[in-house]
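# Chains, contacts and geometry: an overview
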Amino acid sequence: MMNLTFVNKSLLVGDEVAELVVKYAATLARSGGADTVRLMAYGAGGDEVQALLLLSQGTPVMAETSHTDKPEPDNRDIVSYMRQRVARTRATSVGLSLDLQPGSMSVFEDDYGYNFETTA
């Protein structure tokens, strides 16, 4: 488990999701994009929480190790989502075309219905 610190708030999440949030945030920053991710986590009081994070250029995010006996929150879907987005952004940066949905304006159109146009 890791503490994910996001805009002065700390969330306890699994190692994989914490590392992917940082990696995805860096990927978005390099491409000038933005996106939202919804995570299951433990808040500062130890309660299970759902957090919706806006990742964009200049948003500080940090992950650090933690020692806890709590089970990792289930974030399988968002882990898969972030992995796909990181891979697509890498493909775009090397000149491969993306298979965008008809009417889509962005590489970063997410499954929550948000559509953020990228600026390069």
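These notes cover the structure that comes with them. Nothing here was measured: the structure is a model prediction, and the numbers come from that model. One numbering rule holds for all chains: residues counted from 1, following each sequence as written. For a predicted model such as this one, the threshold for reporting local features is a pLDDT of at least 70, and the threshold for listing and counting side-chain atom pairs is 80 or more; totals across whole chains, interfaces and linings nevertheless cover every residue. The side-chain figures draw on all heavy atoms in the structure; neither hydrogens nor water molecules are used.

Time to look at the nonpolar core. Note on soluble globular proteins: their nonpolar side chains tend to be buried together. Nonpolar cores are built from buried Ala, Val, Leu, Ile, Met, Phe, Trp, Tyr and Cys residues. Side-chain atoms within 4.5 Å join them into one set. Each residue gets one of three labels from its accessible area relative to the maximum for its type: buried under 20%, exposed over 50%, partly exposed in between, using a 1.4 Å probe on protein chains only. Of all hydrophobic cores here, the largest spans 23 residues; its most connected members are Val17, Val21, Tyr24, Val37, Leu53, Leu55 and Met82. In this description a helix means any DSSP run of H or I spanning at least four residues, a strand means any run of E spanning at least two, and both kinds are numbered starting from the N terminus. Mapped by element, the contributors of at least two residues to this core are β1 (2-6), β2 (9-13), α1 (15-31), β3 (34-42), β4 (48-56) and α2 (76-93). The leading source of residues in this core is α1, at seven residues. Here, two residues are considered to be in contact whenever any of their heavy atoms come within 4.5 Å of each other. If sequence neighbours within four positions are ignored, Leu53 has contacts with Leu4, Phe6, Leu11, Val21, Asp35, Thr36, Val37 and Leu39.

Let us now look at the packing of aromatic side chains. The description of an aromatic ring pair rests on the distance of the ring centres and on the angle between the ring planes. What counts as a ring pair is set by centres within 6.5 Å for rings of Phe, Tyr and Trp (its six-membered ring), and what kind of pair is set by the plane angle: stacked under 30 degrees, edge-to-face over 60, tilted for all other angles. Going through the model one piece at a time under the given rule, you end up with one aromatic pair. Only when the NZ atom of a Lys or the CZ atom of an Arg is both within 6 Å of the ring centre and within 35 degrees of the ring normal do we say a charge sits over the ring. When the ring centre of Tyr42 is taken as origin, the NZ or CZ atom of Lys70, which lies over that ring, is 4.6 Å away.

Moving on, we get to unusual backbone geometry. Unusually for a residue other than glycine, Val7 sits at a positive phi of about 45°. Structurally, Val7 is set in the loop between β1 and β2.

Looking now at the pattern of salt bridges. The salt bridge criterion pairs a side-chain nitrogen of Lys or Arg with a carboxyl oxygen of Asp or Glu, the two atoms within 4 Å. A full pass over the atoms with the stated rule returns two salt bridges. Among the ionic pairs, Arg83 bridges to Glu16, the shortest N-O distance being 2.4 Å. Here the residue Arg83 occupies a position in helix α2, and Glu16 occupies one in helix α1, the gap between them amounting to 67 residues. Owing to a relative accessible area of 44%, Arg83 belongs among the partly exposed residues under this scheme. Note that Arg76 is salt-bridged to Asp74, the shortest N-O span being 2.7 Å.

Another point: the pairing of β3. Burial analysis of β3 places seven of its nine residues in the buried class, which makes it a mostly covered element. Strand pairing is defined by DSSP finding a minimum of two bridges between the two strands. By the bridge criterion, nine bridges tie β3 to β4 in an arrangement that is antiparallel. When the bridges of β4 are listed, Met40 appears paired with Gln50. The turn joining β3 and β4, which pair antiparallel and follow one another in sequence, is formed by five residues; a positive phi near 90° is taken by Gly46.

This brings us to α1. By this rule, a helix spans an expected 1.5 Å times one less than how many residues it contains. Between its terminal C-alpha atoms α1 stretches 25 Å, which fits the 24 Å expected from 17 residues at 1.5 Å a residue. Phi turns positive, to about 80°, at Gly32, one or two residues after α1.

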